[in-house]
Amino acid sequence: VIQEKGAIQEKGSFQEKGVTPGDGVELRGILDRYTEVGLRCKASKVRDYDPRQELLGYQLEDNVLRTSNRRYAQLASAVHALRRRGWARPREVEALVGRFTHAFLLCRPALAVFSAVYAFATKVGDRHARVWPSVLAELEQALALVPLVRSNLARPVATTLLQTDASDTGAAAVYTDAVPHRDLRWQCMRPRHVPKLEDAPSDPWCVERALAADFVAPVDPAVWRIAFRRHFAAGTRARAAHINTKELGAAVDAVRWAGRSARTRRCRIVIQLNSAVAVSVLRKGGSSCTSLRRHC
């Protein structure tokens with residue numbers, strides 16, 4: 001809002017002064033407006049509007065963020081060099097995983113590809129060591145995923161709310177359109193992380209405030225419809241799985257169900273679960289538990 005108001009006001013003054021747009025004066029006017037209201041802004045990090053530009057290691061093109069070609073080439077070169085050499089320098093694998101992590105922040109579930117690299121960094125991270133085959137396999141798989149990881153900033157928010165649940169014998173998901181769309185949009189816009197303030201005992205961190213939605217879902221059965229429901233047959237692996245794995249599996253199945261509908265395909269969608277473990281795993285994008293990481 002500050003930027004838009006500043007641009008409008010400055011444009012008016014530029015037209016009065018006879019200055020033509022596109023010479024950088026508008027951008028300087030916007031930066032001055034930020035300074036006036038006390039917002040710190042480093043001029044060297046600010047660029048004029050361009051539908052295609054590179055920022056923070058990402059390529060922005062038509063509201064779609066992805067890893068830039070230059071950053072991908074650097075990752076590919078590092079992985080191939082490590083594979084040809086066969087051994088890693090101290091903390092080399094950790095540094096490489098950190099660069100992949102930055103790329104995968106656009107789609108956190110892509111982080112689930114990593115498992116052996118963490119064990120390698122913990123065990124032999126401070127010394128030269130031969131690279132495990134599993135580490136090379138994970139790095140190469142991560143490299144193959146990089147071109148597919150992207151975030152469309154223009155994706156609309158679906159008008160449908162999904163809720164999932166699981167039990168020892170089955171799982172199901174229901175959906176409704178009774179929640180106001182503005183509430184769903186705000187849920188997708190608000191920060192997902194509530195910091196834990198150690199120096200504020202009067203305002204302690206709690207799971208409900210950190211993970212719960214800001215709206216109250218309707219409880220009238222008439223406004224809900226069944227998306228899917230399934231029964232776990234006795235003696236199967238699905239029946240024997242831990243309840244957290246079943247809860248997370250139900251959420252993944254709900255995403256697959258939403259991807260088959262024209263109303264919710266390529267949209268941001270709000271899904272409510274009653275498992276704090278499943279929600280946290282999805283927000284983090286991975287887990288040390290193999291069964292949970294597989295769903296991610």
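Structure: see above.
Per-chain numbering applies: the sequence of each chain, read as written, is numbered from 1 onward. Totals for whole chains, interfaces and linings use every residue, but because this is a predicted model, local features are given only for residues with pLDDT of at least 70 and side-chain atom pairs only at 80 or more, for both listing and counting. Hydrogens are left out, water is left out, and the side-chain values use all remaining heavy atoms of the structure.

Below, the discussion takes up the nonpolar core. The biggest cluster of nonpolar side chains holds 32 residues, and the ones touching the most others in it are Leu82, Val93, Phe100, Phe104, Phe114, Val135 and Leu139. A run of DSSP states H or I qualifies as a helix once it reaches four residues; a run of E qualifies as a strand once it reaches two. Both are numbered from the N-terminal end. Breaking this core down by element, the ones donating at least two residues are β2 (58-61), α3 (69-85), α4 (92-104), α5 (116-124) and α6 (133-145). In terms of residues, this core owes the most to one element, α4, which gives 6 residues. Residue contacts are counted whenever heavy atoms from the two residues lie within 4.5 Å of one another. Here Phe100 is in contact with Leu75, Val79, Phe114, Leu139, Ala142, Leu143 and Val146, once residues within four sequence places are set aside. As used in this record, nonpolar core signifies buried Ala, Val, Leu, Ile, Met, Phe, Trp, Tyr and Cys residues forming a set joined through side-chain atoms within 4.5 Å. Exposed residues in this analysis have more than 50% of their type's maximum accessible area, buried residues have under 20%, and partly exposed residues fall in between, with area computed by a 1.4 Å probe over protein chains only.

This brings us to the sheet that holds strand β1 (residues 52-55). Two strands are counted as paired when DSSP detects at least two bridges linking them. The sheet built from 4 strands is open, its strands ordered β1-β2-β3-β6 with antiparallel pairing. In this open sheet, the two edge strands, each paired with only one partner strand, are β1 and β6 (150-152). Neighbour to neighbour, the strand axes of the sheet diverge by 20 degrees on average, direction disregarded. Alignment of β1 against β2, held across 4 bridges, turns out to be antiparallel. By the bridge assignment, Glu54 is partnered in β2 with Gln59. For helices, the fitted line uses only the C-alpha atoms of the stretch in contact; every axis is such a line through C-alpha atoms, and the angle between N-to-C directions lies from 0 to 180 degrees.

The residue Leu106 is located in the loop between α4 and α5 in this model. The class for Leu106 is buried, based on a relative accessible area of 17%. Spatially, the C-alpha atoms of Leu106 and Ser151 are 5.6 Å apart, while their sequence positions differ by 45 residues. Ignoring sequence-local partners within four residues, the contact set of Leu106 consists of Tyr58, Leu65, Arg66, Thr67, Val149, Arg150 and Ser151.

Throughout, a disulfide means two cysteine sulfur atoms within 2.5 Å of one another. Tallying each qualifying case throughout the model produces 0 disulfides. Summary of cysteine pairing: Cys188 is not part of a disulfide, and the nearest cysteine sulfur, belonging to Cys267, is at 9.8 Å. Accessibility expressed as a relative area gives 28% for Cys188, which makes it partly exposed. The class of Cys267 is buried, set by a relative accessible area of 16%.

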